Amino acid sequence: MKLKQVIEMIQPADEKSMQLCRRRWDSIAKPLHSLGKMEDMLIKIAGMTKDTTMHLGKKALIVMCADNGVVEEGVTQSGQEVTAIVSENFWKTKATASIMCKTVGADIFPVDIGIAVDTNIINKKVAYGTKNMAKEPAMTKEEAIRAIEVGIDMVETLKEKGYGIIATGEMGIGNTTTSSAIAAILLDKKVEEVTGRGAGLSSEGLGRKITCIQKAIQLHAPDKEDAIDVIRKVGGLDIAGMTGVFLGGAALGTPIIIDGFISAVSALLAVKLCPHTKDYMLASHISNEPAAVMLLKELGLEASLVCDMCLGEGTGAISLYPILDIANAVYEGMATFDAVNIEKYQPLR
Ligand SMILES: O=C(O)c1ccc[n+]([C@@H]2O[C@H](COP(=O)([O-])O)[C@@H](O)[C@H]2O)c1
Ligand SMILES: Cc1cc2nc[nH]c2cc1C
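Notes on the structure in this doc start here. What you see is a predicted model, and the numbers here were worked out from it, not measured in a lab.

## What about the site of ligand 1?
Phase 1: Every one of the 23 residues lining ligand 1 counts as a neighbour, but Thr176, Gly198, Gly260, Ser287 and Gly312 are closest to it.
Phase 2: Put simply, the parts of the chain that give the shell around ligand 1 at least two residues each are β4 (163–171), α7 (175–187) and α11 (261–273).
Phase 3: It is α7 that provides the largest number of residues to the shell around ligand 1, a total of 3 residues.
Phase 4: Classifying every residue of the shell around ligand 1 by side-chain character gives 8 nonpolar, 11 polar and 4 charged.

What follows is the structure in structure tokens.
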């Protein structure tokens, strides 16, 4: 589906289904709202799917894998070759996210949306990596839109295959540099406030990373009001792909789970392209990268997990699946106040 068409399709979440879901929670024989965010998440999901029965279907993780030209500026601890190695390991259940997916009963879909070499994962390559944003725009406008549409199409394909909820993830050495650039622009923050050590950068490297981002922003002056302009000048193909996943989920009524820093940047870009997209997002955890809290605040979303994770790959997002399963089991299986003859508590809220 085309980006323009998808943006036109997106509607606010369904209030009626959310009300009915809340009513069901309030009828269950336990203190009101005592399952906290577990209840809130299912209520939100009911609004997304327009269905209060919570038959979510199969669970997926889409991992957008891409390289970033800015790596040649010495802004990362690891070399660019790590992107392809880890990405191919997803298929072999040898990377963290793939092992976690197997454990929680989710299927993993690693997508080569822009790795610098050919790989054997799902081939949706838009380019062999981006250009170095410190010297030129990371990509063309056409490439940015194509990468967003790859994300949209992945959601459409998975929905057709019976997947009812999708976690987002990414793999791309250098993508905390692109994400910090985007965060600085969208949040109107100083680069040093939104830039962290990514995958274990030294203090000297961190200084280089901050200077590099400042230089790229000064060079390209991205238009804050134009999300595509921001993505194409200082973003990445992985970020663009995840932005498309959020938009596709909102258009097709599929809940999409935000992972860490890079995923939250993509979520905010999707909201900039279409504000109602936010209704179809669930926050999972709070990444240790400094801008993670700021991004969730800007999105108006609260994470359910605080685990000090900053691995990426979708590891935080898929950690939410067992919690959603537990919540759903209670929601579907518990006796009501009427059934067990307990007088209903008065709401505490
Ligand atoms: O998701 C996060 O919050 C997160 C925070 C720090 C690092 N990462 C992962 O580490 C890689 C990017 O780190 P870097 O230092 O190469 O920019 C990329 O593959 C991400 O999956 C991910
Ligand atoms: C080994 C490794 C695995 C990763 N997974 C996500 N980012 C990563 C970065 C490195 C370096």
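## A short note on the site of ligand 2
Phase 1: If you check the shell around ligand 2, you find Ser78, Val82, Val86, Met171, Ala199, Leu311, Gly312 and Glu313 and nothing else.
Phase 2: Counted by class, the shell around ligand 2 contains 5 nonpolar, 2 polar and 1 charged residues.

## A word on helix α2 (residues 15–27)
Phase 1: With 13 residues, α2 should reach 18 Å at 1.5 Å per residue; the first-to-last C-alpha distance of 18 Å fits that figure.
Phase 2: Taken together, the buried positions of α2 are Met18, Cys21, Arg24 and Trp25. Mapping the buried residues of α2 onto a view down its axis gives an arc of 120 degrees, with all of them on the same face. Across α2 from its buried face, at more than 90 degrees, point the exposed residues Glu15, Lys16 and Arg23.
Phase 3: Contacts from the buried residues of α2 go to α3 (36–49) and α14 (320–333).

## Here we look at the environment of Ala327
Phase 1: Checked against the element boundaries, Ala327 lands in helix α14.
Phase 2: On the neighbour-count criterion, Ala327 (23 C-beta atoms within 10 Å) is buried.
Phase 3: For the pair formed by Ala327 and Met41, sequence separation is 286 residues and the distance between their alpha carbons is 8.7 Å.
Phase 4: Setting aside its immediate chain neighbours within four residues, Ala327 contacts Leu35, Met38, Met41 and Leu42.

## Quick word on the packing of α11 against helix α12 (residues 291–299)
Axes are the key here: two packed helices are described by the angle between their axes and the distance separating the axes.
Phase 1: At a closest axis distance of 9 Å, the pairing of α11 and α12 adopts a crossing angle of 25 degrees. Classified by the angle between their axes, α11 and α12 sit roughly parallel to one another. As for the relative orientation of α11 and α12, their crossing is left-handed in sense. In this structure, α11 uses Phe261, Ala264, Val265, Ala267, Leu268 and Val271 to contact α12, whose residues at the interface are Ala291, Ala292, Leu295, Leu296, Glu298 and Leu299.
Phase 2: A breakdown of the residues in the contact of α11 with α12 according to their chemical character gives 11 nonpolar, no polar and 1 charged.

## Focus on the pairing of strand β2 (residues 106–114)
Phase 1: For β2, a buried count of 8 out of 9 residues is recorded, marking the element as mostly surrounded by other parts of the structure.
Phase 2: Note that β2 and strand β3 (residues 122–123) share 2 bridges and pair parallel. By the bridge assignment for β3, Val111 is matched with Ile122.

## Details of the environment of Val155
Phase 1: By secondary structure assignment, the location of Val155 is in helix α6 (residues 141–160).
Phase 2: On the basis of neighbour count, Val155 is assigned to the buried category, with 26 C-beta atoms found within 10 Å.
Phase 3: A C-alpha to C-alpha distance of 15 Å links Val155 and Gln5, two positions 150 residues apart in sequence.
Phase 4: Not counting the four nearest positions on each side in its chain, Val155 is found in contact with Ile166, Val245, Gly248, Gly249, Leu252 and Thr254.

## Section: the nonpolar core
Phase 1: By size, the foremost hydrophobic cluster in this structure holds 119 residues, and its most contacted members are Leu61, Val63 and Val111.
Phase 2: Sequence-distant contacts of Val63, defined by excluding residues within four places in its chain, comprise Phe90, Ala97, Ile108, Phe109, Pro110, Val111, Gly169, Glu170, Met171, Glu313 and Gly314.

## Examining α3
Because the α-helix completes a turn every 3.6 residues, residues three or four places apart line up on one side.
Phase 1: For α3, with 14 residues, the first-to-last C-alpha span of 21 Å sits near the 20 Å given by 1.5 Å per residue.
Phase 2: The buried fraction of α3 amounts to 10 of the 14 residues, a majority that puts the element mostly inside the structure.
Phase 3: Taken as a whole, α3 has its buried residues at Glu39, Met41, Leu42, Ile43, Lys44, Ile45, Ala46, Gly47, Met48 and Thr49.
Phase 4: Where α3 is buried, its residues touch α2, β6 (281–283) and α14.
Phase 5: Downstream of α3 by one or two residues, Lys50 has phi in the positive range, about 55 degrees.

## What about unusual backbone geometry?
Phase 1: Backbone geometry at Asp308 places phi at a positive 55 degrees, although glycine is not the residue there.
Phase 2: By secondary structure assignment, the location of Asp308 is in the loop between α12 and α13 (315–318).
Phase 3: For Glu313, which is not glycine, the phi torsion reads 70 degrees and is therefore positive.
Phase 4: Inspection of the secondary structure assignment puts Glu313 in the loop between α12 and α13.
Phase 5: Looking at Glu313, the number of C-beta atoms within 10 Å reads 28, which means it is buried.

## Looking at the sheet that holds strand β5 (residues 256–258)
Phase 1: Reading across from one edge, β3-β2-β1-β4-β5-β6 is the order of the 6 strands in this open sheet, with parallel pairing throughout. Strand pairing shows two members of the sheet lacking a second neighbour, β3 and β6, which therefore form its edges.
Phase 2: Running at roughly 155 degrees to β2, α6 makes contact with β1 (58–66), β2 and β4 of the sheet.
Phase 3: On the sheet, α11 packs against β4, β5 and β6 and is oriented at approximately 115 degrees with respect to β4.

Procedures and definitions
- Residues numbered from 1 in each chain as written.
- Chains lettered and ligands numbered in written order.
- Predicted model: local features only at pLDDT ≥ 70, side-chain atom pairs only at ≥ 80, totals over all residues.
- Near = placed C-beta within 6 Å.
- Helix = DSSP H or I, 4+ residues; strand = E, 2+ residues; numbered from the N terminus.
- Nonpolar A, V, L, I, M, F, W, Y, C, P; charged D, E, K, R; others polar.
- Expected span 1.5 Å × (residues − 1).
- Buried ≥ 20, exposed ≤ 12 C-beta atoms within 10 Å, placed from the backbone.
- Arc of directions from axis to C-beta.
- Contact = placed C-beta atoms within 7 Å.
- Axes fitted to C-alpha atoms, helices over the stretch in contact; angles between N-to-C directions.
- Parallel < 35°, antiparallel > 145°, perpendicular 65-115°, else oblique.
- Left-handed = near helix turned anticlockwise from the far one by under 90°.
- Pairing = 2+ DSSP bridges.
- Core = buried A, V, L, I, M, F, W, Y, C linked by C-beta atoms within 7 Å.

From the geometry alone we can't say anything about function, so treat these as descriptive.
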